[in-house]
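Each chain is listed here by its residues.
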Amino acid sequence: QQQHSRLKKRLPPRLWGGLATAAMFGQGFFGGGEGFFGGGVPGRFDHQYQAFPVSFIGKEELEKGNKIILPQSALDHLARLNISYPMLFEITNPSTSRRTHCGVQEFIAEEGTCYLPYWMLCNLLLQEGDLVRVTNTSLPKGSFVKLQPVSSDFLDIHNPRAVLENSLRNFATLTVGDCIVIDYNQKKFEIEIVECKPANAISIIEADVNVDFAPPKDYKEPERPPAATTTGSAFNAQMEESEQQEVVEEPTGPRLFGGSGQRVDGKAIKTPTSSPLLGPTAAPVIDEFDFMPWKKAIKHGVRHTTPPYMYGQGHMTGTKDGSSAPHLPEGETLFGGAGQSL
């Protein structure tokens, strides 16, 4: 107040009135100066609007991202400021101090109103018509983000990484603690931002961001059976138990087909050499000479002890026929047999 009074005494009344009017209806009125309705940093966009869902203006497609709609006066004020592009904003709920970050899609809202995606209203704990504070900001380009699905149903998607990369194209910023909503195959999946680098709030416009996934919040790992550690004594005990279990008790009652057979003619039944009732029989003796008879061949062949019949006659000895009487066995005569009729 002392500075204002000194400045008022030095300046002419006409110039002082112009400065006071500019402070009231200029930057101060729009929230960027030090006027009666301002209080922000000079050269900064800082406004409060009534928040409504984007569906109220017929922009349901903006529910797939985090871009808002501001009035035309916001564009006029931003054009006079030396701000960096792309235009990024910090959205704050004045009553709860919850905040997030977003981009801007259009400047077609009614004066004094702002349209946000419905999931952003839920994150900020806002209802339709509540006041929201919008300030311009600049965020570093992101290099890493860690996401955590709220439900394990997100794992049922065939290629969740490709679906997520395609959905993040509609987002301008990512803020730690936000729970974004992804619409895929007529289903909505909630994804929580767990970690961002190099800051808690990053810009992903034209940025190469590495994406990592954390297990879903309701995911439970399958229980694994404890590893079986069997020592020598434990192994022997298991073997004894298995042998005891393998012992089969013989039935004490009547057996099926347990009687003895009888012949129709009344004769005694010969006991077979092999029968299931007699138990196992001895292995048959196999003679190797049955398969290899040549092993029994007589050395130097078979020799006659007596000369064969007519031996020494004719061409066998070189003597002429009739030169000597034929050799006959004792007690036999040549042609001495009796004839018989056919």
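Scroll up for the structure.
Please read all numbers here as calculations on a predicted model, not as lab measurements.

A. Inspection of the pattern of salt bridges at higher detail. According to the stated counting rule, one finds six salt bridges in the structure shown. Close ionic contact of Glu106 with Lys59 constitutes a salt bridge, the shortest N to O distance being 3.3 Å. Taken together, the residues Glu106 in strand 4 (residues 99–109) and Lys59 in the loop between strand 1 (46–53) and strand 2 (67–71) connect sequence positions 47 residues apart. On the accessibility criterion, Lys59 (21% relative accessible area) is partly exposed. As a salt-bridge pair, Lys217 and Glu192 come within 2.4 Å of each other at their nearest N and O atoms. With Lys217 in the loop between strand 12 (210–213) and helix 6 (232–246) and Glu192 in strand 10 (residues 187–197), this pair connects stretches of sequence that are 25 residues apart. Look at Glu192 and you get partly exposed, because its relative accessible area is 21%.

B. Spatial organisation of the packing of aromatic side chains. Applying the stated criterion across every chain, the model contains six aromatic pairs. With centroids separated by 5.9 Å and ring planes inclined at 70 degrees, the aromatic side chains of Phe45 and Phe89 adopt a geometry described as edge-to-face. With Phe45 in the loop between helix 2 (13–25) and strand 1 and Phe89 in strand 3 (residues 88–92), this pair connects stretches of sequence that are 44 residues apart. The class for Phe89 is buried, based on a relative accessible area of 0%. An aromatic cluster is present here, built from Phe52, Phe56 and Tyr115 joined pairwise through their rings.

C. Focus on helix 5 (residues 160–167). Within helix 5 the residues assigned to the buried category are Val163, Leu164 and Ser167. Along helix 5, the residues classed as buried sweep out an arc of 95 degrees about the axis, all on the same side. Of the surrounding secondary structure, the elements contacted by the buried residues of helix 5 are strand 7 (144–149), strand 9 (179–184) and strand 12.

D. Structural view of the nonpolar core. In terms of nonpolar packing, the biggest core is built from 43 residues, with Phe45, Leu70, Phe89, Ile91, Leu116 and Leu174 touching the most fellow members. A per-element tally of this core places strand 10 first, with four residues. Judged by nonpolar contacts, the second largest core, of six residues, contains Leu62, Ile69, Ala109 and Tyr115.

What counts, and at which threshold
- Residues numbered from 1 in each chain as written.
- Predicted model: local features only at pLDDT ≥ 70, side-chain atom pairs only at ≥ 80, totals over all residues.
- Heavy atoms only, no water.
- Salt bridge = Lys/Arg side-chain N within 4 Å of Asp/Glu carboxyl O.
- Helix = DSSP H or I, 4+ residues; strand = E, 2+ residues; numbered from the N terminus.
- Buried < 20%, exposed > 50% of the residue type's maximum accessible area, 1.4 Å probe, protein only.
- Phe/Tyr/Trp six-rings, centres within 6.5 Å; stacked < 30°, edge-to-face > 60°.
- Arc of directions from axis to C-beta.
- Contact = heavy atoms within 4.5 Å.
- Core = buried A, V, L, I, M, F, W, Y, C linked by side-chain atoms within 4.5 Å.

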